[in-house]
Amino acid sequence: MRQESIRRIISIGLLLTLVIVFSVTTDNFFQLSNIQIILRDAGVYGIIGVGVTFVIITAGIDLSTGAVLGFSAMICARVLYLYQLPAGVIIVLALFLSTLCGFITGQLVSRLRLPDFIATLAMQFILQAFMLVFAIREDGVISNKVITNRTILLFGASIDGFYFVTFAFLIIAVIGQLILKRTKLGTYIYATGSNLKSAQLSGINTGRIKRIVFTITGFLCGIGSLFTMGRIGSVSTDIGVGTEFEVISAVVVGGCAFSGGRGDVIGTVIGAIFMAVLKNGILKYNLPTAAQVIVKGIVIIFVVMFDSIYNRYMEKRVLEKARQMDAEGGEA
């Protein structure tokens, strides 16, 4: 069985374990309405996670996704408040701003050769500062204005309890998986993360690949911002805070390796649902906020440690197999 398939089975096993634990220890966990909420919560993590999957497969990291989402939402809320523009203009603005942010990040990484960690962390700080600058104020005090545009609010709506964000998540996940597995771009993404030097020697423009994956991630953050605005119905200066860590956790739980070259969108879908189940289940315990964060952190640390141990074990197996083949070849 392929390593990718084994890792996916492990991810599903971790998810099922979490579901069983919460089903046994909490009330009403398996109700349809609660499952619909879990899928809704997984939606935004998963949509952005598709882009972050691309980034991590190239051996990169993106710490700016939460800030890109928040900045895009804040500008749109301000424009709605001041000018009451049509929803179509707001949607285009959200997607344009977030895509531009992703493109700039890609330029910092590929053109200026900044480490992904530094470039995306700097973008996070800059965009969070801009959110404060453009926040709506009344009498000098930041005010969280309610969004009343019906079209924008539709992004938070549902059909028979299944939210639009869930459908968007599934569609984007399918497209993302097809890109990774069936296109030249996907092949280049894997090659860039597997061995950067080899990819460059093969004629792959790895800088361009980096720009593309960060730009795609920015675009998906814009989609996430629209669904977040629609669900919450307002925008505050802390919108999107921490989203980047939830998304990265989902991608890693799904089987992507920080070393690059491994993982796919199917794993990220599983990871996003895992994070949503974890959040939903912990809330049902009615623990203090601090305790909820601690429990979530412990679970994530456990999963990441498990993934690290598993990766080392598989690498060891590959090396042993290579040595055996070399030995057999020498004897022949």
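The text that follows walks through the structure, step by step, so that each part is easy to find. Predicted model, so just to flag it, every value in this text is computed and none were measured.

## Remarks on the overall build of the protein
And step 1. On a plain count of helices and strands, the protein comes out with 13 helices and four strands.
And step 2. Over its C-alpha atoms the protein spans a radius of gyration of 21 Å, differing by no more than 12% from the 20 Å that the globule rule assigns to 332 residues.
And step 3. Taken along the three principal axes of its C-alpha coordinates, the protein extends 85 × 50 × 35 Å.
And step 4. In the protein, which comprises 332 residues, the share counted as buried stands at 49%.
And step 5. Once local pairs closer than 6 in sequence are excluded, the contacts in the protein between residues at least 24 apart make up 79%.
And step 6. In the structure as shown, the protein presents an accessible area of about 16,300 Å², 65% of it carried by carbon and sulfur atoms.
And step 7. Treating the 27 positive side-chain charges of the protein as one cloud and the 18 negative ones as another, the clouds have centres 6 Å apart.

## Re the nonpolar core
And step 1. In this structure, Ile 47, Ile 152, Met 229, Val 235, Phe 274 and Val 277 are the most contacted members of the largest nonpolar core, which totals 89 residues.
And step 2. The leading source of residues in this core is helix 2 (residues 32-57), at twelve residues.
And step 3. Excluding residues within four positions of it along the chain, Ile 47 makes contact with Val 165, Ala 168, Phe 169, Ile 172, Leu 220, Ile 223 and Phe 227.

## Looking at the side chain of Thr 58
And step 1. Relative to the helices and strands, Thr 58 resides in the loop between helix 2 and helix 3 (65-83).
And step 2. Take Thr 58: its relative accessible area is 3%, and that puts it in the buried class.

## Description of the pattern of salt bridges
And step 1. The tally for this structure, following the rule as stated, stands at three salt bridges.
And step 2. Between Asp 116 and Lys 210 there is a salt bridge, and its shortest N-O distance comes to 3.2 Å. With Asp 116 in helix 5 (residues 116-134) and Lys 210 in helix 10 (residues 206-232), this residue pair connects regions lying 94 residues apart in the sequence.

## Notes on the side chain of Gln 36
And step 1. Within the secondary structure, Gln 36 is located in helix 2.
And step 2. According to the relative accessible area criterion, Gln 36 is buried, its value standing at 8%.
And step 3. Beyond its immediate chain neighbours, meaning those up to four positions away, Gln 36 contacts Asp 160, Gly 161, Phe 162 and Tyr 163.

## So, the packing of aromatic side chains
And step 1. Here the structure, examined in full by the defined rule, presents six aromatic pairs.
And step 2. Ring plane angle 50° and centroid distance 6.2 Å describe the contact between Phe 71 and Phe 130, whose orientation is recorded as tilted. Of this pair, Phe 71 sits in helix 3 while Phe 130 sits in helix 5, placing them 59 residues apart in sequence.
And step 3. With relative accessibility at 38%, the residue Phe 130 sits in the partly exposed group.
And step 4. An angle of 35° between the planes, with centres 6.1 Å apart, marks the rings of Phe 130 and Phe 134 as tilted. Taken together, the positions of Phe 130 and Phe 134, both in helix 5 and four residues apart, correspond to about one turn of that helix.
And step 5. Taken together, the ring pairs in this structure connect Phe 22, Phe 29, Phe 30 and Tyr 285 into an aromatic cluster.

## Quick word on unusual backbone geometry
And step 1. At Asn 28, a residue that is not glycine, the phi angle is positive and equals roughly 65°.
And step 2. Among the structural elements, Asn 28 can be located in the loop between helix 1 (3-25) and helix 2.
And step 3. One non-glycine residue with positive phi stands out, namely Gln 84, at about 50°.
And step 4. Within the fold, Gln 84 resides in the loop between helix 3 and helix 4 (87-110).

## Things to note about helix 4
And step 1. The terminal C-alpha atoms of helix 4 lie 34 Å apart, and with 24 residues this matches the ideal 34 Å at 1.5 Å per residue to within 8%.
And step 2. Within helix 4 the residues assigned to the buried category are Ala 87, Ile 90, Ala 94, Leu 97, Ser 98, Cys 101, Gly 102, Thr 105, Gly 106, Leu 108, Val 109 and Ser 110.
And step 3. On the buried face of helix 4, the contacting elements are helix 3, helix 5, helix 6 (150-153) and helix 10.

## Notes on the packing of helix 3 against helix 5
And step 1. Relative orientation of the contacting elements helix 3 and helix 5 amounts to 20°, with a least axis distance of 9 Å. Comparing their axes, helix 5 and helix 3 come out roughly parallel. Where helix 3 crosses over helix 5, the handedness of that crossing is left-handed. Contacts between helix 3 and helix 5 involve Ala 67, Val 68, Gly 70, Phe 71, Met 74, Ile 75 and Arg 78 from the former and Gln 124, Leu 127, Gln 128, Phe 130, Met 131 and Phe 134 from the latter.
And step 2. Looking at side-chain class alone, the contact of helix 3 with helix 5 contains nine nonpolar, three polar and one charged residues.

## Structural notes on a nonpolar patch on the surface
And step 1. A cluster of nonpolar side chains, namely Tyr 81, Leu 82, Tyr 83, Leu 85 and Val 89, defines an oily patch on the protein surface of about 470 Å² accessible area.
And step 2. Looking at the nonpolar patch element by element, the count peaks at three residues for helix 3.
And step 3. Within the element layout of this structure, Tyr 81 appears in helix 3.
And step 4. What makes Tyr 81 partly exposed here is its relative accessible area of 37%.

Thresholds, definitions, all that
Residues numbered from 1 in each chain as written. Predicted model: local features only at pLDDT ≥ 70, side-chain atom pairs only at ≥ 80, totals over all residues. Heavy atoms only, no water. Helix = DSSP H or I, 4+ residues; strand = E, 2+ residues; numbered from the N terminus. Rg over C-alpha atoms; globule rule 2.2 N^0.38 Å. Buried < 20%, exposed > 50% of the residue type's maximum accessible area, 1.4 Å probe, protein only. Contact = heavy atoms within 4.5 Å. Areas by Shrake-Rupley, 256 points an atom, 1.4 Å probe, with all protein chains shown as cover. Lys, Arg positive; Asp, Glu negative; His and termini not counted. Charge placed at Lys NZ, Arg CZ, Asp CG, Glu CD. Core = buried A, V, L, I, M, F, W, Y, C linked by side-chain atoms within 4.5 Å. Salt bridge = Lys/Arg side-chain N within 4 Å of Asp/Glu carboxyl O. Phe/Tyr/Trp six-rings, centres within 6.5 Å; stacked < 30°, edge-to-face > 60°. Expected span 1.5 Å × (residues − 1). Axes fitted to C-alpha atoms, helices over the stretch in contact; angles between N-to-C directions. Parallel < 35°, antiparallel > 145°, perpendicular 65-115°, else oblique. Left-handed = near helix turned anticlockwise from the far one by under 90°. Nonpolar A, V, L, I, M, F, W, Y, C, P; charged D, E, K, R; others polar. Patch = residues over 30% accessible without salt bridge, like charges linked within 9 Å, V, L, I, M, F, W, Y side chains within 5 Å.

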